[in-house]
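# Remarks on the overall topology
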Amino acid sequence: MRIAIYPGSFDPITNGHLDILNRATHLFDKVIIAVLSNPIKNCFFGVEERLELIKATTAEMPKVEVDSFDGLTVVYAVKQNASILIRGLRALSDFEHELQMAQANKSINPNIETIFLMCSLEYAYLSSSLVREISFLGGDISDVVPKCVNEYISKLREKRFTNDYK
Ligand code: PNS
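Definitions and cut-offs
- Residues numbered from 1 in each chain as written.
- Predicted model: local features only at pLDDT ≥ 70, side-chain atom pairs only at ≥ 80, totals over all residues.
- Heavy atoms only, no water.
- Pairing = 2+ DSSP bridges.
- Helix = DSSP H or I, 4+ residues; strand = E, 2+ residues; numbered from the N terminus.
- Axes fitted to C-alpha atoms, helices over the stretch in contact; angles between N-to-C directions.
- Contact = heavy atoms within 4.5 Å.
- Near = heavy atom within 4 Å.
- Polar contact = N/O pair within 3.5 Å; in protein donor to acceptor, adjacent residues only side chain to side chain.
- Nonpolar A, V, L, I, M, F, W, Y, C, P; charged D, E, K, R; others polar.
- Right-handed = clockwise from strand over helix to strand, strands pointing away.

## Focus: the sheet that holds strand 2 (residues 30-36)
In space, the 5 strands of this open sheet follow the order 3-2-1-4-5, with parallel pairing throughout. Where the open sheet ends on each side, the last strands, each with one partner, are strand 3 (64-69) and strand 5 (113-118). The sheet shows a mean angle of 30 degrees between the axes of neighbouring strands, direction not considered. Relative to strand 4 (residues 84-89), strand 1 (residues 3-8) is paired through 2 bridges, and the arrangement is parallel. Along strand 4, the bridge assignment pairs Ile 5 with Leu 85. Here helix 2 (residues 47-58) sits on the sheet and contacts strand 2 and strand 3; the angle it forms with strand 3, its principal contact strand, is near 175 degrees.

## Examining the site of the ligand
In the vicinity of the ligand, the contacting residues are Gly 8, Ser 9, Leu 36, Lys 41, Gly 71, Leu 72, Thr 73, Arg 87, Met 101 and Asn 105. Take Lys 41: an N or O atom from its side chain is 2.7 Å from an oxygen atom of the ligand. For the ligand, an oxygen atom lies 2.8 Å from a polar atom in the side chain of Arg 87. Looking at the shell around the ligand, its residues break down into 3 nonpolar, 5 polar and 2 charged.

## Overview of the pairing of strand 3
Relative to strand 3, strand 2 is paired through 6 bridges, and the arrangement is parallel. Bridge pairing links Leu 36 to Phe 69 in strand 3. As a crossover connection, the stretch from strand 2 through helix 2 into strand 3 is right-handed.

Laid out in structure tokens, this is it:
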């Protein structure tokens, strides 16, 4: 069984992530989408919130498992019997950081390969931070995030608006 890990912050999951995940399921028997729960990284959404949103988004994807991890990604991959890490690449600006991560991971465990999938053109500009910014400034993100994420963020926005004006 070929198992791949798709690690990331997913703060929150976007349609760009979903596109990479979906394409990865055509290449592997099982893809574990793994949310980093490392407190070193400051995320806007809590791990549980991010996991819930990913679970709701991927409920109809039988090859996908949702999990969280801390520590080294390659150590987690070994625990899951996976030998592949999936990462999405958008622009050239992603490349340097991704190359560094892939090489660092390779130096820690040479048996784990990183495979890059190029993002689809329509998501080339998309990032979780941009989604958060557009949304909390009142913009429409319904075309770029899964339905449940859009609904969740809209509710948060409404709550903030109500609290601000109480
Ligand atoms: O979605 P992101 O924030 O670009 O994902 C980055 C992530 C989670 C893949 C990366 O930070 C990571 O693998 N962190 C775990 C710690 C680790 O293994 N570090 C060594 C290799 S960079």
